[in-house]
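Examination of the molecular architecture
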Amino acid sequence: MSLHLKGLHQPPLETFKKSGKQNRSFQASWYRNNSKWLEYSPTTDAAYCLPCFVFHNPNVVVGQNTFIVGGFRNRKKHLQRVVDHFTTEQIANNRLQLKATIFVVRYLAFQAIAFRGRDESFSSFNRGNFHESLGIVTFWNEKVAEIIEKVPKNATYTSPRIQKEILHVFSAKVKKVIWEEIGDAKFCIMVDEARDESMKEQMAMVFRYVDAEGFVKECFFGLIHVVDTAALTLKKGIYSLLSQYCLDIQNIRGQGYDGASNMRGMWNGLQALILNDCPYAYYIHCFAHHLQLALVKASKQVVPISHFFLTLLFLIKIVSASCKRNEQLKVANANEIARLIDLEELETGSGLNQIGTLQRPGETCWSSHFRPVSSLLRMFSSTVEVLQNIIDGAIDGENRAEGEDDGWDGLLTTVISFCEKHRIDVLDMNARYVARRGRARNQPDNVINEHHYRVNIFYATIDSQLQELNYRFNEDAMELLRLSSALEPREALKSFRISDLCLLVKNFYPQDFTDYDKQVLEKELYHFEHNVVQDPEFKKLKSLSELSQWLVRTGNSEHYKLVYRMVILVLTLPVSTATTERAFSAMKLVKTELRNKMEDDFLNDSLMLYIEKDIASTFSLDSIVDDFEDLKERQVPFS
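Residues numbered from 1 in each chain as written. Predicted model: local features only at pLDDT ≥ 70, side-chain atom pairs only at ≥ 80, totals over all residues. Heavy atoms only, no water.

Right, let's talk about the nonpolar core for a bit. Among the nonpolar cores identified, the biggest contains 78 residues, and I166, I178, F187, I189, F207, I238 and L242 are the most heavily contacted of them. Other than its neighbours up to four places away in sequence, F187 contacts I182, F207, R208, Y209, L242, L247, D248, N251, I252, R253, G254 and T572. (Core = buried A, V, L, I, M, F, W, Y, C linked by side-chain atoms within 4.5 Å. Buried < 20%, exposed > 50% of the residue type's maximum accessible area, 1.4 Å probe, protein only. Contact = heavy atoms within 4.5 Å.)

Okay, structure coming up:
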């Protein structure tokens, strides 16, 4: 009866279904070679073991039911397993052996540790991080150690190729989770490029989106090796990745870049090329980069500011020129801290009064101009002491040759004089602003001094920054941000601007709302203002991301679908490129000078696990074993 229902029989050869890339089917010759046990069902397009089916034990271990319940379709693999007569115990041992390898691969990837060693032979005393870590696992797990000792050397599944395959399985599963979370939702792309240790140009891709629970996610989705940084090349790389994972370009609602000309160009830049294909993929320059670049611009245009930072950079180079001078600076700083503590001018406690060093200003690092000034003010006395030591010791040939053009005495004396003058003036100006803001001094010198710093430097710098910010923020971007701010909870408490939100939909998101939606939007906003904005819990919200989560959690996202849709669209606007910056920081940890020959795929998979370890850590070892087994044919079965 059961056999009849299953439809088990030996049908004509032409009825066998074709499958696979090579269009193969079940062969009649297999019947002749395995006529005593093999049966085929055209209904399920699967083969079955006839004795296993007839004498099936319902308590059999899961995994052996393949031959009985679901049938098997990978004929070559399953037939070979039957011939080899693998037992349940052998398969369980195979899985345990592979899980140990997967555990070590995951650990090394999470910590950005190199896998390979210089000498991985069995006679080596240091076989590299992977084999040494696997040795720790076998030391504490006798069962794993026993299995690994018994398996043939060509079937240990610990080779570099296997390690990379396991890493790729992890990476593919992470990308699948991100891809499934995005689905058909709107999302933002954030892109940046940098060179890796082997001088390859790598483009980091990050997706910003809102998940089903209302949380804003910024997920790294991989590196793309590009031959150059031309806008068209970057566009092709982005589109290739999106099409590979079936992500619709028309769902892009934001573009975030670092502000380089090849990215933000109005005519031929990357943002313009994508806008041509998707007119609602609005480009917003990273706010942090805006402020930093405006400051850098001002530091170059205002002569006194430019002079100050050039002198500061030169001073830092002098003091940090050798290990000896760095040591002198640390000793002088420690002595100064001890002196101030004795005078009770410094507070003591955990983490306070750390011995530091002077920091260099840079044009791309955020806060890079503020920190060098702060470090110089904090260590000014110690810096002067080191400079004086250099002057006093300038009698040897090395120092005399190093400063022979102008002489150490004149050059360093000028530096010290400059720093002392600016330190006193800046601190004096700051103290007077705090204590007596806006009140003039009676002394003529102080009046001239204040006018110089307030008008010639402070006002000039502010004007320069404002001009640069106005240049970098175009009118459309400013209008989009202004209208979007009406959704911010803190703004809504002051004045919930219904007219601005209707204008936001009309001018910037007409494709995301039907004509009917636009008609009922104003009424929904009116009810939202009176029923939601006045809620005591709403008043506790501090950001738009908190509002998104709260709307989902309370069910208001269903009651006010149009409002929630607007919240999602605004949240997909890029506000920072911090995630892409973190990707390149991770790349420096993974692809180091000693690992500069890493292939692109290996680097990409390693970064996926290191950056998105929160997602990767949710995968069970068994799930990785199953996906690893399905990746290609294996010599031994794992299920």
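What follows deals with the packing of aromatic side chains. With the rule as written, the count across this model stands at 17 aromatic pairs. Ring geometry for F187 and F207: centres 5.5 Å apart, planes at 70 degrees, overall edge-to-face. Pair noted here: F187 is in strand 3 (residues 187-195) and F207 is in strand 4 (residues 201-210), with a separation of 20 residues, a long-range link. Each of the two residues, F187 as well as F207, counts as buried. Taking the centre distance of 5.4 Å and the plane angle of 80 degrees together, the rings of F528 and Y560 count as edge-to-face. Pair noted here: F528 is in helix 23 (residues 515-531) and Y560 is in the loop between helix 25 (556-559) and helix 26 (561-571), with a separation of 32 residues, a long-range link. Its relative accessible area of 2% is what places F528 among the buried residues. According to the relative accessible area criterion, Y560 is buried, its value standing at 10%. (Phe/Tyr/Trp six-rings, centres within 6.5 Å; stacked < 30°, edge-to-face > 60°. Helix = DSSP H or I, 4+ residues; strand = E, 2+ residues; numbered from the N terminus.)

What follows deals with the packing of helix 8 (residues 160-182) against helix 30 (residues 621-631). Running from amino to carboxyl end, helix 8 crosses helix 30 at an angle of 110 degrees, the nearest separation of the two axes being 10 Å. The angle between helix 8 and helix 30 falls in the class roughly perpendicular. Between helix 8 and helix 30 lies a crossing whose hand is right-handed. Residues I162, E165, I166, V169, F170 and K173 of helix 8 form the contact with helix 30, whose participating residues are S623, I624, D627, F628 and L631. Its residues assigned to classes, the contact of helix 8 with helix 30 comprises 7 nonpolar, 1 polar and 3 charged. (Axes fitted to C-alpha atoms, helices over the stretch in contact; angles between N-to-C directions. Parallel < 35°, antiparallel > 145°, perpendicular 65-115°, else oblique. Left-handed = near helix turned anticlockwise from the far one by under 90°. Nonpolar A, V, L, I, M, F, W, Y, C, P; charged D, E, K, R; others polar.)

A surface patch of nonpolar side chains, amounting to about 420 Å² of accessible area, comprises V455, F458, Y459, I462 and L466. Mapped onto the secondary structure, I462 falls in helix 19 (residues 444-472). Assessed through its relative accessible area of 32%, I462 is described here as partly exposed. (Patch = residues over 30% accessible without salt bridge, like charges linked within 9 Å, V, L, I, M, F, W, Y side chains within 5 Å. Areas by Shrake-Rupley, 256 points an atom, 1.4 Å probe, with all protein chains shown as cover. Salt bridge = Lys/Arg side-chain N within 4 Å of Asp/Glu carboxyl O.)

Within the fold, M190 resides in strand 3. Here M190 falls in the buried class, since its relative accessible area comes to 0%. Each C-alpha atom of the pair M190 and E218 lies 9.0 Å from the other, and the pair is 28 residues apart in sequence. Once residues lying within four places of it in the same chain are set aside, the contact partners of M190 are A204, M205, V206, R208, E218, G256, P574, S576 and T580.

Summed over the entire model, instances satisfying the criterion amount to 26 salt bridges. Measuring nitrogen to oxygen at the nearest pair gives 3.5 Å for the salt bridge that ties K99 to D622. Of this pair, K99 sits in helix 5 (residues 88-110) while D622 sits in helix 30, placing them 523 residues apart in sequence. Take K99: its relative accessible area is 22%, and that puts it in the partly exposed class. When the shortest N-O distance is used, the salt bridge between K217 and E181 registers 3.2 Å. Taken together, the positions of K217 in strand 5 (residues 216-225) and E181 in helix 8 put the pair 36 residues apart, joining distant regions of the chain. Classification of K217 as partly exposed rests on a relative accessible area of 24%. It is possible to trace a salt-bridge network through shared partners that takes in E479, R482, E491, R497 and D500.

Between its terminal C-alpha atoms helix 14 (residues 323-342) stretches 29 Å, which fits the 28 Å expected from 20 residues at 1.5 Å a residue. When helix 14 is considered as a whole, its buried residues turn out to be R325, L329, A332, N333, E336, I337 and L340. Looking straight down helix 14, one finds its buried side chains confined to an arc of 140 degrees; they lie on one side. Away from the buried face of helix 14 by more than 90 degrees, exposed residues C323, K324 and D342 are located. Directly after helix 14, the chain includes E344, whose backbone phi takes a positive value near 60 degrees. (Expected span 1.5 Å × (residues − 1). Arc of directions from axis to C-beta.)

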